[in-house]
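Structural description and commentary
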Amino acid sequence: MAAELANEVWQEIKRYVNGMDRAEAAEALVSVLIDNDISAEEIKSAFKSDSEVKQALKQYLDDHADEDEDDYDEDYDDDDDDEDY
């Protein structure tokens, strides 16, 4: 529901955002939605016809997939350190 409402607001507001700034605005929108516990699947479904938001979501997921892998590697390394004692 929140993602659909965000889409309605985005559709009304984006026409007032300069075309050059829409990608950055879409990135901010995706970050706010993710920070408010809206899943990537919900965002993808609600914004399926909006190319700027879909691209921003893809970029967000790509950027944070690298961080998740780094967190996993650090957790794995911590487990190895425990075995030495």
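Once a new chain begins, its residue numbering starts again from 1 and follows that chain's sequence as written. Only residues with pLDDT of at least 70 get local features here, since the model is predicted, and only at 80 or more are side-chain atom pairs given and counted; chain-wide, interface and lining totals rely on the full set of residues. With hydrogens and water excluded, all non-hydrogen atoms of the structure serve as input to the side-chain values.

Mapped onto the secondary structure, M1 falls in the segment before α1 (2-13). A relative accessible area of 78% means that M1 is categorised as exposed. On a C-alpha basis, the gap between M1 and E42 in space is 8.8 Å, while along the polypeptide they are 41 residues apart. To qualify as a helix, a DSSP run of H or I must reach at least 4 residues; to qualify as a strand, a run of E must reach at least 2; elements of each kind are numbered from the N terminus. Relative accessible area decides the class of each residue, using a 1.4 Å probe on protein chains only: under 20% of the type maximum gives buried, over 50% gives exposed, and in between gives partly exposed.

Bringing unusual backbone geometry into the picture now. Look at D37: it is not a glycine, yet its phi comes out positive at around 65°. With respect to the helices and strands, D37 occurs in the loop between α2 (22-35) and α3 (40-46).

Take the nonpolar core next. Only buried residues count toward a nonpolar core. Its members are Ala, Val, Leu, Ile, Met, Phe, Trp, Tyr and Cys residues joined through side-chain atoms within 4.5 Å. Residues W10, L29, V30, L33, I43, F47 and V53 are the most contacted members of the largest nonpolar core, which totals 17 residues. Of all elements in the fold, only α1, α2, α3 and α4 (51-83) reach the threshold of two or more residues within this core. At 5 residues, α2 tops the list of elements feeding residues into this core. By definition in these notes, contact holds between two residues if any of their heavy atoms fall within 4.5 Å. In contact with I43, other than residues within four places in its own chain, are V30, L33, I34, I38, V53 and L57.

Let us now look at a negative patch on the surface. On the surface, a cluster of negative charge is made up of D21, E24, E27, D63 and D66. Contributing elements (two or more residues each) for the negative patch: α2 and α4. One can find E24 in helix α2. Under the relative-accessibility criterion, E24 is labelled exposed at 57%. Note on patches: the residues involved have over 30% relative accessible area and no salt bridge, like charges join within 9 Å, and the nonpolar side chains Val, Leu, Ile, Met, Phe, Trp and Tyr join within 5 Å. Here the accessible surface of atoms and residues is derived via Shrake-Rupley with a 1.4 Å probe, and residues count as covered only by protein chains that are part of the display. The salt bridge criterion pairs a side-chain nitrogen of Lys or Arg with a carboxyl oxygen of Asp or Glu, the two atoms within 4 Å. Charge assignment: positive for Lys and Arg, negative for Asp and Glu; neither His nor the chain ends contribute. Taken as the charge centre is NZ of Lys, CZ of Arg, CG of Asp or CD of Glu, depending on the residue.

Turning to the confidence of the model for the protein chain, a few remarks are in order. A score from 0 to 100, pLDDT tells how confident the predictor is in each residue. Taken residue by residue, the protein chain gives an average pLDDT of 85. The fraction at 70 or more is 78%. Looking over the protein chain, one finds the lowest element-wise mean pLDDT in α4, namely 73, and the highest in α2, namely 97.

Let's shift gears to α2. In a helix, the anticipated span is given by 1.5 Å times the number of residues less one. In a regular helix each residue adds 1.5 Å, so 14 residues correspond to 20 Å; α2 covers 20 Å between its end C-alpha atoms and thus fits that length. Three or more residues of α2 are buried, namely A26, L29, V30, L33 and I34. Down the axis of α2, the buried set is contained in an arc of 130°. They therefore lie on one face. Turned more than 90 degrees from where α2 packs its buried face, E24 and D35 sit exposed. Directly after α2, the chain includes D37, whose backbone phi takes a positive value near 65°. Directions drawn from the helix axis to the C-beta atoms are what define this arc.

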